Amino acid sequence: MADKYVFTDVRACTFNFSNGKKAVVKPSCKKEIVLVKFIPHTSKKNAFQETVIANYPDSKNVQELAKYSDYECIKTFTRHFKKYFNQTPYQWMLDRKMEEVHQLVLKSDLSISEIAKICGFKSLTHLVNAYTNRFGISPFRNRTQENRNAI
């Protein structure tokens with residue numbers, strides 16, 4: 001299980017790595033949200049899985065993920081992907097995206113339209129349908145229920 005944190009009003013975030021290196025992440029504008037996800041590292045992962053996970057944040061679609069993972073042939077990439085992740089690359093990427101959307105719906109004050117734009121959905125309707133199919137509740141209702149439960 002990955003730990004996820006959503007932060008607002010962040011000036012900078014510094015990461016200190018075990019090899020002594022540091023990385024500083026700064027939002028490019030005041031309305032930007034920083035979403036930090038800690039994914040447990042297990043030694044069972046192989047080089048393919050490590051490469052895919054490392055390239056996922058920079059990839060907008062399966063074609064880009066394959067390209068960044070040094071695969072020219074989508075069919076070969078998909079075959080390897082299914083072998084190591086037990087699902088298609090499209091479904092895996094959609095699952096990751098929906099986890100991010102879910103966190104933004106519940107933990108941010110961004111409108112659902114803004115979340116759709118940030119997460120690369122073609123339209124608000126596309127996000128609402130995907131969210132409802134995944135979580136069994138619309139993002140609007142989910143946010144409303146979560147806000148009521150927090151009170």
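All figures in this text were calculated on a predicted structure; none of them were measured in a lab.

(A) Broad picture of the overall build of the chain. Scanning the chain from terminus to terminus reveals seven helices and four strands. Starting at the N terminus and walking to the C terminus, you meet the elements of the chain as β-β-β-β-α-α-α-α-α-α-α. Taking all 151 residues of the chain together, the buried fraction comes to 32%. In the chain, 50% of the contacts between residues at least 6 apart in sequence involve partners at least 24 apart. Here the chain has roughly 10,600 Å² of accessible surface; of this, 51% comes from carbon and sulfur atoms.

(B) Looking closely at the confidence of the model for the chain. Per-residue pLDDT for the chain has a mean of 85; in total, 83% of the residues score no lower than 70. Element-level pLDDT for the chain is lowest in strand β1 (residues 3-7), with a mean of 62, against a maximum mean of 96 in helix α2 (residues 62-68).

(C) Just unusual backbone geometry, in detail. Phi at Asp70 takes a positive value of approximately 65 degrees, unusual for a residue other than glycine. Its location among the elements puts Asp70 in the loop between α2 and α3 (74-85). Residue Asn86 is not a glycine yet carries a positive backbone phi of 60 degrees. Mapping Asn86 onto the fold places it in the loop between α3 and α4 (89-107).

(D) Broad picture of the packing of α4 against helix α6 (residues 124-135). With their axes 11 Å apart at the nearest point, α4 and α6 run at an angle of 95 degrees to one another. In terms of their interaxial angle, α4 and α6 are classed as roughly perpendicular. In contact with Asp95, Met98, Glu99, Val101, His102 and Val105 of α4, α6 contributes Leu127, Ala130, Tyr131, Arg134 and Phe135. Here the residues of the contact of α4 with α6 sort into seven nonpolar, one polar and three charged.

(E) Fine view of the pattern of salt bridges. What the rule picks out here adds up to two salt bridges. Taking the shortest distance from any N to any O, the salt bridge between Asp95 and Arg134 comes out at 3.1 Å. With Asp95 in helix α4 and Arg134 in helix α6, this residue pair connects regions lying 39 residues apart in the sequence. What makes Asp95 buried here is its relative accessible area of 13%.

The rules behind each value
- Residues numbered from 1 in each chain as written.
- Predicted model: local features only at pLDDT ≥ 70, side-chain atom pairs only at ≥ 80, totals over all residues.
- Heavy atoms only, no water.
- Helix = DSSP H or I, 4+ residues; strand = E, 2+ residues; numbered from the N terminus.
- Buried < 20%, exposed > 50% of the residue type's maximum accessible area, 1.4 Å probe, protein only.
- Contact = heavy atoms within 4.5 Å.
- Areas by Shrake-Rupley, 256 points an atom, 1.4 Å probe, with all protein chains shown as cover.
- pLDDT = per-residue confidence, 0-100.
- Axes fitted to C-alpha atoms, helices over the stretch in contact; angles between N-to-C directions.
- Parallel < 35°, antiparallel > 145°, perpendicular 65-115°, else oblique.
- Nonpolar A, V, L, I, M, F, W, Y, C, P; charged D, E, K, R; others polar.
- Salt bridge = Lys/Arg side-chain N within 4 Å of Asp/Glu carboxyl O.

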